[in-house]
Amino acid sequence: MAEQQDHTDALRTLIEGQRFVMLTTSTVDGSKLVSRPMTIQELDGWDARFITQASNDAAEQSDGRAVNLSFMDGNTYVSLAGTGSVERDPAKKRELWSKLNEAFAGEVDDPNNVVLTVTIASGEYWDGGNSVAQAIRVAKAAVTGERPDGGAHGTVEV
């Protein structure tokens, strides 16, 4: 139980402050997976919120469906599985709105602009740590023939 909490805490630490992720969805007919970059507007508990347009694939392929968020930061890799939902709450949209959203999406009151929430259900991370330390571990493994220590890894159900 303590180990699971340690993994949960580590995952939470890794995703705090991340702004950019790849959102992966399945096409409506399920024939292929599609990924696109998204900017996190808010991380509230295990809910990640984005501003997008109701008419685009990100919203259409996420609403009520399984999705994945992933990112890489240096030697850290994270994959988050969850369920998407589209919200049309004008107050929430205004709360999350920024000048950056305006540049891409026009006016906050445009009814095509919506909040996409991904409720994270599970996650997996690989944290290689410091780049220099990782390079030393790989070099050592090359010389000794042993497998390099890949760093921390954990799987979490939230």
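Residues numbered from 1 in each chain as written. Predicted model: local features only at pLDDT ≥ 70, side-chain atom pairs only at ≥ 80, totals over all residues. Heavy atoms only, no water.

## A closer look at the nonpolar core
- Residues Leu23, Phe50, Leu69 and Val78 are the most contacted members of the largest nonpolar core, which totals 20 residues.
- The set of elements that each furnish at least two residues to this core consists of helix 1 (2–15), strand 1 (20–26), strand 4 (47–53), strand 5 (66–73), strand 6 (76–87) and strand 7 (113–127).
- Looking at this core, the element that brings in the most residues is strand 7, giving 4 residues.
- When neighbours within four sequence positions are excluded, Phe50 is seen to be in contact with Val21, Met38, Thr39, Ile40, Gln41, Leu69, Val114, Val115, Leu116 and Val118. (Core = buried A, V, L, I, M, F, W, Y, C linked by side-chain atoms within 4.5 Å. Buried < 20%, exposed > 50% of the residue type's maximum accessible area, 1.4 Å probe, protein only. Helix = DSSP H or I, 4+ residues; strand = E, 2+ residues; numbered from the N terminus. Contact = heavy atoms within 4.5 Å.)

## Some details on the pairing of strand 4
- Extensive coverage of strand 4 is indicated by the burial of 5 of its 7 residues.
- Bridging between strand 3 (residues 42–44) and strand 4 involves 3 bridges; their strand directions are antiparallel. Among the inter-strand pairings, Asp44 is bridged to a residue of strand 4, identified as Asp47.
- Taking the residues that link successive antiparallel strands as the turn, the strand 3-strand 4 hairpin has 2 residues, and the phi of Gly45 there is positive, at about 65°.
- Direction of pairing for strand 4 relative to strand 7: antiparallel, over a ladder of 7 bridges. (Pairing = 2+ DSSP bridges.)

## Here's the deal with the pattern of salt bridges
- Inspection of every chain in the model, using the stated rule, returns 9 salt bridges.
- Asp109 is paired through a salt bridge with Arg94; the nearest N and O atoms lie 2.8 Å apart. In this pair, Asp109 sits in the loop between helix 4 (99–105) and strand 7 while Arg94 sits in helix 3 (residues 90–96), placing the two residues 15 residues apart along the sequence.
- Among the charged side chains, a salt-bridge network with shared partners connects Glu42, Asp44, Asp47, Arg49, Glu87, Lys92 and Glu95. (Salt bridge = Lys/Arg side-chain N within 4 Å of Asp/Glu carboxyl O.)

By themselves, these observations are geometric and do not establish any function.
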